[in-house]
Amino acid sequence: MILLTGATGKTAMAAATAIAVAGHKARVVTRDAAKASQLAALGHEIAVGDLSDLQFLKDAMRGIDRAFLLLPNTEQQGNMEARFTDTAKASGVRHLVKISSIEAHAGIGARVPEMHAASEAYVKASGLEWTMVKPNFFMQTLLAAANGVKARGELTMPVGGARISMVDCRDAGAVIAKVLLEPGHEGQSYKLTGSESVTFVEIATRLSRIIDKPVKFVDPPLAAYRENLLKALPDPWRVEAVCEIFATTAKGQREIEAITDTFQELLGRSPIGLDTFLSDYKKAFS
Ligand SMILES: NC(=O)c1ccc[n+]([C@@H]2O[C@H](COP(=O)([O-])OP(=O)(O)OC[C@H]3O[C@@H](n4cnc5c(N)ncnc54)[C@H](OP(=O)(O)O)[C@@H]3O)[C@@H](O)[C@H]2O)c1
């Protein structure tokens with residue numbers, strides 16, 4: 001049986017849907033049963049609990065041979081991922097699939113990709129079979145700027161002139177489902193990107209056309225962006241983590257600019273394009 005964590009969230013919900021469409025069932029984890037109605041309707045078994053609770057983790061792993069690990073970015077993420085890995089190993093799980101990120105490197109200067117790099121190494125050293133799913137920036141990250149687009153016609157993110165081959169997290173979910181459902185992906189790291197690499201000036205131009213309203217890209221000083229973010233996010237660790245990612249992005253990185261064929265090779269279709277993403281989420285921006 002498959003264990004799917006993060007399944008009420010953006011990426012693993014897409015994986016849970018693809019798994020159900022393929023005629024399979026998974027055990028899906030949520031801390032809040034009320035959020036799981038869509039997953040239950042898909043036929044999945046719902047396990048209600050917190051992954052920081054070791055006894056819940058052990059119970060959730062019972063009878064599982066393939067597990068997908070996704071946790072949101074918090075100060076505890078690295079430790080929780082190590083404990084998830086240890087418990088999977090002790091429970092007889094065969095294959096662990098982990099979401100990481102395309103820029104996961106030690107020493108990159110941003111705590112989240114550094115944590116993912118350390119967590120990847122931990123999983124690889126565990127003796128479990130593993131697959132790393134390593135998406136570039138999710139297109140859905142743009143939704144964080146949607147209110148500014150609505151209110152002022154401004155797409156505000158401190159990324160400078162960076163060019164990014166963003167990927168839709170629904171595509172990442174499709175890859176996760178495929179990797180969990182069929183053999184042959186063990187020992188692979190899949191770097192997922194979209195099919196084009198664009199600047200935020202270009203994104204603003206596209207968005208403008210799609211929502212039929214002028215949108216301009218605003219690249220605020222990082223300090224001002226941080227100050228605003230602190231008003232919206234109660235967790236200063238998270239605010240710093242987000243700002244570090246933007247700071248490394250603004251410097252420009254070959255890895256996040258490059259386009260990979262991985263999605264096309266795995267799924268046999270093109271990844272979701274930026275225009276399709278913007279049209280699908282048009283309501284959020286207008
Ligand atoms: N954003 C990007 O551009 C990007 C790019 C590459 C990789 N990533 C990685 O993708 C991951 C985030 O994926 P996402 O955006 O799909 O997540 P998301 O939408 O924020 O969903 C987070 C999920 O985690 C669950 N969760 C949170 N804390 C939990 C806990 N203590 N115990 C059990 N479940 C818990 C939530 O479930 P409940 O609330 O229902 O319990 C929810 O389903 C991160 O690891 C991030 O580094 C992100």
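So, here is what we can say about the structure in this document. Note that the coordinates shown come from a computational prediction; the quantities given were computed from them, not determined experimentally.

**Comments concerning the packing of aromatic side chains**
Here is step 1: A complete count under the given rule lists three aromatic pairs for this structure.
Here is step 2: Seen from their ring centres, Phe-200 and Phe-217 are 5.6 Å apart, and the 45 degrees between their planes marks the pair as tilted. With Phe-200 in helix α8 (residues 200-211) and Phe-217 in strand β11 (residues 216-218), this residue pair connects regions lying 17 residues apart in the sequence.
Here is step 3: Its relative accessible area of 17% is what places Phe-217 among the buried residues.
Here is step 4: Above the plane of the ring of Trp-130 lies Lys-124, whose end atom (NZ or CZ) is 4.8 Å from the centre.

**A closer look at the pattern of salt bridges**
Here is step 1: A full pass over the atoms with the stated rule returns 21 salt bridges.
Here is step 2: Residue Arg-209 pairs with Asp-275 through a salt bridge whose shortest N-O separation is 3.2 Å. Taken together, the residues Arg-209 in helix α8 and Asp-275 in helix α13 (residues 274-280) connect sequence positions 66 residues apart.
Here is step 3: Residue class for Arg-209 comes out exposed when judged on its relative accessible area of 55%.
Here is step 4: A single salt-bridge network, built from bridges that share partners, covers Glu-196, Arg-206, Arg-209 and Asp-275.

**Quick look at the environment of Phe-277**
Here is step 1: Within the secondary structure, Phe-277 is located in helix α13.
Here is step 2: Exposure remark for Phe-277: the relative accessible area of 0% places this residue in the buried category.
Here is step 3: The spacing of Phe-277 and Ala-41 is 236 residues in sequence and 25 Å in space, taken between C-alpha atoms.
Here is step 4: Apart from the residues within four sequence positions on either side, Phe-277 is in contact with Met-139, Gln-140, Leu-142, Leu-143, Asp-168, Arg-170, Ile-272 and Phe-285.

**Side note on the packing of helix α1 (residues 10-21) against helix α7 (residues 169-181)**
Here is step 1: It is the contact of α1 with α7, at a shortest axis distance of 7 Å, that shows an interaxial angle of 50 degrees. If you check the angle between α1 and α7, you find them oblique. Like other packed secondary-structure pairs, α1 and α7 cross with a definite hand, here right-handed. Facing α1, whose interface residues are Lys-10, Thr-11, Ala-14, Ala-15, Ala-18 and Ile-19, α7 presents Cys-169, Arg-170, Ala-172, Gly-173, Ile-176, Ala-177, Leu-180 and Leu-181.
Here is step 2: Here the contact of α1 with α7 is composed, by residue class, of ten nonpolar, two polar and two charged.

**Regarding the site of the ligand**
Here is step 1: Close to the ligand lie 27 residues; Thr-8, Thr-11, Thr-30, Lys-35 and Leu-71 are nearest.
Here is step 2: Gly-6 places a polar main-chain atom, nitrogen or oxygen, 3.2 Å from an oxygen atom of the ligand.
Here is step 3: His-116 places a side-chain nitrogen or oxygen 2.8 Å from an oxygen atom of the ligand.
Here is step 4: Coverage of the ligand by the protein chains reaches 85% of its 940 Å² of free accessible surface.
Here is step 5: The set of elements that each furnish at least two residues to the shell around the ligand consists of α1, α4 (77-90) and α5 (111-125).

**Brief notes about the pairing of strand β6 (residues 129-135)**
Here is step 1: Counting buried residues in β6 gives six out of seven residues, a clear majority hidden from the surface.
Here is step 2: Tracing the backbone out of strand β5 (residues 95-99), into α5 and back to the parallel element β6 gives a crossover that is right-handed.
Here is step 3: Bridge analysis of β6 against strand β9 (residues 188-192) gives five bridges, and the strand direction is parallel. Across the sheet, the residue bridging to Met-132 is Ser-189, located in β9.

**A word on the nonpolar core**
Note on soluble globular proteins: their nonpolar side chains tend to be buried together.
Here is step 1: Among the nonpolar cores identified, the biggest contains 38 residues, and Leu-142, Leu-155, Phe-200 and Phe-285 are the most heavily contacted of them.
Here is step 2: Looking at this core, the elements that each hand over two or more residues are α6 (146-152), α8, α9 (222-232), α10 (236-251) and α13.
Here is step 3: Ile-2, Ala-16, Ile-19 and Ala-36 belong to the second largest nonpolar core, which has 30 residues in total.

Definitions and limits used
Residues numbered from 1 in each chain as written. Predicted model: local features only at pLDDT ≥ 70, side-chain atom pairs only at ≥ 80, totals over all residues. Heavy atoms only, no water. Phe/Tyr/Trp six-rings, centres within 6.5 Å; stacked < 30°, edge-to-face > 60°. Helix = DSSP H or I, 4+ residues; strand = E, 2+ residues; numbered from the N terminus. Buried < 20%, exposed > 50% of the residue type's maximum accessible area, 1.4 Å probe, protein only. Lys NZ or Arg CZ within 6 Å of the ring centre and 35° of its normal. Salt bridge = Lys/Arg side-chain N within 4 Å of Asp/Glu carboxyl O. Contact = heavy atoms within 4.5 Å. Axes fitted to C-alpha atoms, helices over the stretch in contact; angles between N-to-C directions. Parallel < 35°, antiparallel > 145°, perpendicular 65-115°, else oblique. Left-handed = near helix turned anticlockwise from the far one by under 90°. Nonpolar A, V, L, I, M, F, W, Y, C, P; charged D, E, K, R; others polar. Near = heavy atom within 4 Å. Polar contact = N/O pair within 3.5 Å; in protein donor to acceptor, adjacent residues only side chain to side chain. Areas by Shrake-Rupley, 256 points an atom, 1.4 Å probe, with all protein chains shown as cover. Right-handed = clockwise from strand over helix to strand, strands pointing away. Pairing = 2+ DSSP bridges. Core = buried A, V, L, I, M, F, W, Y, C linked by side-chain atoms within 4.5 Å.

Structural measurements only, silent on function.
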